[in-house]
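Coordinate analysis (summary)
This is what each chain is made of:
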Amino acid sequence: MAELRIEELTAGTISAANSLTLKPGQEAFLEPATYTDAEQQLDPAGSWPRVIRDGDEVVGYIMGAFDQDAPQEYLRAAIWRINVAAEAQGRGVGRFAIEAFADEARTRGFSRATVVWASGDGGPGAFFESVGFRVVGQTPFGENLGALEL
Ligand SMILES: CC(C)(COP(=O)(O)OP(=O)(O)OC[C@H]1O[C@@H](n2cnc3c(N)ncnc32)[C@H](O)[C@@H]1OP(=O)(O)O)[C@@H](O)C(=O)NCCC(=O)NCCS
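If you're wondering where the values come from, they're calculated on a predicted model, not measured in any experiment.

Section: the overall build of the chain
- From N to C terminus, the chain includes 4 helices and 7 strands.
- Computed over C-alpha atoms, the radius of gyration of the chain comes to 14 Å, within 12% of the 15 Å expected from 2.2 N^0.38 for 150 residues, which places it in the range of a compact globule.
- Its C-alpha atoms give the chain principal-axis dimensions of roughly 40 × 35 × 25 Å.
- In the chain, buried positions account for 45% of the 150 residues.
- Within the chain, contacts between residues at least 6 apart in sequence are counted, and of these 66% link residues at least 24 apart.
- Accessible area of the chain: about 7700 Å², with a carbon and sulfur share of 48%.

So this is what it looks like as structure tokens:
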């Protein structure tokens, strides 16, 4: 694997980011109901969409959101979306993206990053726990609320 890089999402990378393939069964986990419900609250000024490149190829996408004033803690320094191309999974791309998000959150003065995921086979729970998130509760939609101390 060439060196991984993270870049802001641009008009030039949006279609590659949107067409990343998933493994069978992963689609159901891509957008937790908690976030779908909160979408209206997303402050565009705080959104942090990034692509991960391996060499020239876009192999992953992460969308973070920062909102110091969000009433729900899980929307303050949150990972709204992360996905890695099926053929690039299991090689550290997801971990790299989470570390970049954690660095950004630290720079912005946050001491905790959060992510929400649904339980189930093929879901991302083991990944989030491997990279340091701990389940600290459930959202009103019954999904896992994970927190990473920064
Ligand atoms: C979840 C996802 C982003 C992980 O990306 P990835 O690049 O494959 O993950 P990495 O290779 O960086 O793995 C990091 C660690 O997590 C572990 N891990 C990753 N996926 C795992 C799985 N399905 N089961 C168990 N462990 C897993 C790896 O073993 C690795 O652990 P280690 O570093 O201690 O060896 C990717 O599988 C994906 O795109 N899934 C579909 C979309 C999705 O569910 N997104 C989350 C929405 S909330």
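Next comes the rest of the description.
Remarks on the side chain of threonine 114
- Considering the arrangement of structural elements, one finds threonine 114 in strand β5 (residues 112-117).
- A relative accessible area of 2% places threonine 114 in the buried class.
- Here the side chain of threonine 114 touches tyrosine 74 through a polar contact of 3.3 Å, landing on its backbone oxygen.
- When near neighbours in sequence (up to four residues on either side) are disregarded, threonine 114 contacts Tyr35, Glu73, Tyr74, Ala77, Ala78, Ile79, Phe133, Leu145, Gly146 and Ala147.

A word on the site of the ligand
- Surrounding the ligand, one finds 20 residues, the nearest of these being Ile82, Val84, Gly90, Gly92 and Arg95.
- Within the backbone of arginine 91, a nitrogen or oxygen atom sits 3.1 Å from an oxygen atom of the ligand.
- In isolation the ligand exposes 930 Å². Once the protein is present, 72% of that is buried.
- The site holding the ligand turns out to be the largest pocket.

Observations regarding the pattern of salt bridges
- This structure, assessed with the given rule, holds 7 salt bridges.
- Between arginine 106 and aspartate 103 there is a salt bridge, with its nearest N and O atoms 2.8 Å apart. In this pair, arginine 106 and aspartate 103 are both assigned in helix α3 (residues 93-107), 3 residues apart and thus about one turn of the helix distant.
- Judged by its relative accessible area of 44%, aspartate 103 is partly exposed.

Definitions and cut-offs
- Residues numbered from 1 in each chain as written.
- Predicted model: local features only at pLDDT ≥ 70, side-chain atom pairs only at ≥ 80, totals over all residues.
- Heavy atoms only, no water.
- Helix = DSSP H or I, 4+ residues; strand = E, 2+ residues; numbered from the N terminus.
- Rg over C-alpha atoms; globule rule 2.2 N^0.38 Å.
- Buried < 20%, exposed > 50% of the residue type's maximum accessible area, 1.4 Å probe, protein only.
- Contact = heavy atoms within 4.5 Å.
- Areas by Shrake-Rupley, 256 points an atom, 1.4 Å probe, with all protein chains shown as cover.
- Polar contact = N/O pair within 3.5 Å; in protein donor to acceptor, adjacent residues only side chain to side chain.
- Near = heavy atom within 4 Å.
- 1 Å grid on protein atoms, 1.4 Å probe; cavity = no way out; pocket = protein on both sides within 12 Å on 5 of 7 lines; lining within 4 Å.
- Sits in = over half its atoms within 2 Å of the grid points.
- Salt bridge = Lys/Arg side-chain N within 4 Å of Asp/Glu carboxyl O.

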